[in-house]
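# Working through the structure, step by step
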Amino acid sequence: MTALIILGVIIAILVLMYNSLIGKKNQVDNIFAGVDAVLKKRYDLIPNLVASVSQYMEHERGILEKITELRAQAIKPNISDEKKIALDKEITSMMGGIMIAVENYPDLKANQNVMHLQASLNEVEAQISAARRAYNQAVTDYNNAIEMVPTNFIAQWMKYTRKQVFEITEGERQNVNVGELFKK
Amino acid sequence: MKSTSELTDFYYNELFPELEKLEDERKALVSKITTYGIGLAAITAGIDLSIFFKFGFNNFLVALPILAAILAGWVYKHMSKDYIKSFKTEIIKRLIHAISENLSYMQFQHISQYHYKRSNIFKDRIDRYNGNDLVKGDFNDTLLQFSDLHSEYVTKDSKGNKHWHTTFKGLFITAEFNKHFDGKTIILPDQAEQMFGSLIGGWLQSNNFSQRELIKMDNPEFEKHFVVYGTDQIEARYLLTHSMMERLLNLHKRTKGNLYISFIGGQIYIAINNGHDHFEPTVFKSLLKYKLVMEYVNTLNLAIGIVEELKLNEKLWSKQKRSDMDEVLHTHDALFGHEHLNKRSFF
């Protein structure tokens, strides 16, 4: 009789652990969808940005072309999550460079359209930053669960592997400083 | 925004003549209170003694001092009413105008129940709700209002006696927030983590079904003092950037804990639950004491300075202009929100 109860309890615990792992995996996917949505907003703004500034920004031609190329890669359907993360890293540092470079062109700063665009981009970059942080938290929870005892045994049985976090590049840290530049 | 030292100077240079007048008023009030107090005590004692000698010990002996105390309280409130009003009009109102002319002060009004409930910070039922000292207006291009609030609920025990419990007593601030957001994010003081440490505390928090999803922030000190609930993991982090978390931690230190915050419907709500009724003049201590002066100045600086403290006036994102919703909210208050002190409670 007691054996049955103990068995029941063990099964219940196993089910709870299994479900919690599924929940954490799904949370990662859920948040990544959010990251995707916000990255898409940025990719939508890029053509407008490139068009508005390329006439003025002679020196940054190369970067603008690179951004356009990277964007074309990023909006292709069916690219892997790792590829998306890698592209985001590259584009972020380039976008950071462009936004800082805008400061050197008084004509651009006087342009209402460009200023409005800057505010929108600022907002999108802030949202992307938030999305990355949320994703990293979800991934950390997931990684913890698949590596810590006792859920790691079940995770191995389910063939769950570690997921990768977004690394915050130096370029992104510079984004925060753009705000300071606006005050001048 | 005037600095603390500028305000202190203003207090002493411009307001000092008024302060001296009020100090005289205060001293007169104290002697009046003392006289009446002694008189009432003497009469009560006299009646009590005569009853005792005539009828021996009975309940009336106890009831009379209690009645006298109630009467004393009522008389005290009535007598100090004018003095308090003078203080608030001459001193507090002028201090507020010195900080900004776009701010208005209304002694008998307070933040409406609409905003209090909308903030989603305190979920207890409201059986009694009052407050005072409402300040509202435009500071550095940000719509702001704050007041003292006292919200209570009542329970009945098995004997049918009523017990009043305070949900919130302190300063309640609301201001328009400078980012677009759709959901709700609520930040509460972290009692579980402080009591039980991060592992168990974390588990307890995530099982708190009455609130929304638990959101773990990536700043360890912030996590230690606060717990965040919200409707959207990404939006919560959009609102709580690393710099915003730092600023909220600073505010937390200045208010010694007791800090509750929420972001709902374009507004930020900040509740400082310190059990004080702010901006009240002292009766039994001198008005001219420096330390006392600084308390008023500091509270005003804290409340109004929230705008700069949290950089609510920074318009870096797409929310450049006041939204229609913000206007509606503040008009709503003008029409419906302010509850006047019609029902006066003496205790």
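Residues numbered from 1 in each chain as written. Chains lettered and ligands numbered in written order. Predicted model: local features only at pLDDT ≥ 70, side-chain atom pairs only at ≥ 80, totals over all residues. Heavy atoms only, no water.

## Remarks on the overall build of chain B
Stated precisely, the cut-off is as follows: Helix numbering and strand numbering both begin at the N terminus, where a helix is a DSSP run of H or I of at least 4 residues and a strand a DSSP run of E of at least 2. In what follows, residue pairs with any heavy atoms lying within 4.5 Å of each other are defined as contacts. Computed with a 1.4 Å probe, the accessible areas rest on the Shrake-Rupley method; for each residue, only the protein chains presented here act as cover.
A count of helical and extended segments in chain B gives ten helices and nine strands. A fraction of 72% describes how many contacts in chain B between residues 6 or more apart in sequence connect residues 24 or more apart. Accessible surface, chain B: about 17,400 Å² in total, of which carbon and sulfur atoms supply 57%.

## Let's talk about the packing of aromatic side chains
Residues and elements named next belong to chain B. Rule in force here: Stacked, edge-to-face and tilted are the three classes for Phe, Tyr and Trp ring pairs, Trp counted by its six-membered ring, which pair at centre distances within 6.5 Å; planes under 30 degrees apart are stacked, over 60 edge-to-face, the rest tilted. Exposure classes here rest on a 1.4 Å probe applied to the protein chains alone. A residue is buried below 20% of its type maximum, exposed above 50%, and partly exposed in between. Geometrically, a charge over a ring is one whose NZ (Lys) or CZ (Arg) sits within 6 Å of the ring centre while staying within 35 degrees of the ring normal.
Taken as a whole and assessed by the stated rule, the structure comprises 16 aromatic pairs over all chains. Arranged with centres 6.2 Å apart and planes meeting at 45 degrees, the rings of Phe-172 and Tyr-269 form a pair that is tilted. Note that Phe-172 is positioned in strand S4 (residues 162-176) and Tyr-269 in strand S9 (residues 267-272), a separation of 97 residues in sequence. Of the residues examined, Phe-172 reaches a relative accessible area of 0% and is grouped as buried. Given the relative accessible area of 0%, Tyr-269 is considered buried. It is Lys-179 that lies over the ring of Tyr-238; its NZ or CZ is 4.7 Å from the centre.

## Overview of the sheet that holds strand S3 (residues 142-156) of chain B
All names here are of chain B. To keep it simple, the criterion reads: Pairs of strands are assigned from DSSP output, requiring at least two bridges between the strands. A fitted line through C-alpha atoms serves as each axis, taken over the contacting stretch for helices, and the angle formed by two N-to-C directions is quoted from 0 to 180°.
The strand order S1-S2-S3-S4-S9-S8-S5-S7-S6 describes an open sheet built from nine strands, whose pairing is antiparallel. Looking at strand neighbours, the two that pair on one side only are strand S1 (103-106) and strand S6 (213-215), the edges of this open sheet. Strand-to-strand twist of the sheet, defined as the mean angle between neighbouring strand axes without regard to direction, takes the value 20 degrees. Bridging between strand S5 (residues 184-189) and strand S8 (residues 259-264) involves four bridges; their strand directions are antiparallel. If you follow Thr-185 over to S8, its bridge partner there is Phe-263. Here helix H8 (residues 242-254) sits on the sheet in contact with S5, strand S7 (226-230) and S8, set at roughly 145 degrees to S8. Each of S1, strand S2 (128-139), S3, S4 and S9 is contacted by helix H9 (residues 290-309), which is oriented at about 120 degrees to S3, the strand it contacts most.

## Notes on the interface of chain B and chain A
Under the convention used in this document: We define buried area as the total accessible area lost by two parts upon association, computed with a 1.4 Å probe and summed across both. Any Lys or Arg side-chain nitrogen located within 4 Å of an Asp or Glu carboxyl oxygen qualifies as a salt bridge.
Each side of the interface is counted separately: chain B has 20 residues, and chain A has 18 residues. Buried surface at the junction of chain B and chain A, summed over both partners, amounts to about 1,500 Å²; 57% is from carbon and sulfur atoms. Taken together, chain B and chain A are joined by two salt bridges. Secondary-structure elements contributing two or more residues to the side of chain B that touches chain A are helix H7 (233-239) and H8 of chain B. Looking at which element gives the most residues to the side of chain B that touches chain A, the answer is H7(B), with four residues.

## Describing the confidence of the model for chain B
Residues shown with low pLDDT carry predicted positions that ought not to be read at fine detail. Residue and element names in this part refer to chain B. Note the cut-off: The predictor reports its confidence for every residue as pLDDT, a score running from 0 up to 100.
With 86% of its residues at a pLDDT of 70 or more, chain B has an overall mean of 83. In the model, residues 337-347 has pLDDT below 50 throughout and makes 24 contacts with residues more than four positions away in sequence or in other chains. What the predictor reports for the complex is a pTM of 0.82 with an ipTM of 0.82.

## Regarding the pairing of S4(B)
All names here are of chain B. When S3 meets S4, the two strands line up antiparallel, connected through 13 bridges. Looking at the pairing, Leu-149 lines up with Gly-170 of S4. In this structure, the hairpin formed by S3 and S4 is closed by a connection of five residues, where Gly-160 is found at a positive phi of approximately 85 degrees.

## Focus: the packing of helix H1 (residues 4-13) of chain B against H9(B)
Residues and elements named next belong to chain B. Here is the rule we go by: Angles below 35 degrees are treated as roughly parallel, those above 145 as roughly antiparallel, those between 65 and 115 as roughly perpendicular, and all remaining angles as oblique. Each crossing gets its hand from how the near helix is turned against the far one by less than a right angle, where anticlockwise is left-handed and clockwise is right-handed. When residues are grouped by polarity, Ala, Val, Leu, Ile, Met, Phe, Trp, Tyr, Cys and Pro land in nonpolar, Asp, Glu, Lys and Arg in charged, and all others, Gly among them, in polar.
Running from amino to carboxyl end, H1 crosses H9 at an angle of 125 degrees, the nearest separation of the two axes being 10 Å. With respect to their mutual orientation, H1 and H9 come out oblique. Between H1 and H9 lies a crossing of right-handed hand. Facing H1, whose interface residues are Thr-4, Leu-7, Thr-8, Tyr-11 and Tyr-12, H9 presents Tyr-290, Val-293, Met-294, Tyr-296, Val-297, Asn-298 and Asn-301. Class assignment of the residues belonging to the contact of H1 with H9 gives a composition of eight nonpolar, four polar and no charged.

## Quick word on helix H5 (residues 112-147) of chain A
All names here are of chain A. Going by this rule: Every helix has an expected span of 1.5 Å times one less than the residues it contains. In protein, a polar contact means a hydrogen-donor-capable atom and an acceptor-capable atom, both N or O and within 3.5 Å, with residues adjacent in sequence counting only if both atoms are side-chain atoms; elsewhere, any N or O pair within 3.5 Å suffices.
The terminal C-alpha atoms of H5 lie 52 Å apart, and with 36 residues this matches the ideal 52 Å at 1.5 Å per residue to within 8%. For H5, a buried count of 27 out of 36 residues is recorded, marking the element as mostly surrounded by other parts of the structure. The N-cap of H5, judged by a side-chain oxygen 2.9 Å from the amide nitrogen of Asn-113 a few residues on, is Asn-111.

## A few points about helix H2 (residues 16-55) of chain B
Residue and element names in this part refer to chain B. Over its 40 residues, H2 extends 56 Å from the first C-alpha to the last, a length consistent with the 58 Å expected when each residue adds 1.5 Å. Of all the positions in H2, only Glu-18, Leu-19, Leu-22, Glu-23, Arg-26, Leu-29, Val-30, Ile-33, Thr-44, Asp-48 and Ile-51 are classed as buried. Contacts from the buried residues of H2 go to H1 and helix H3 (59-99).

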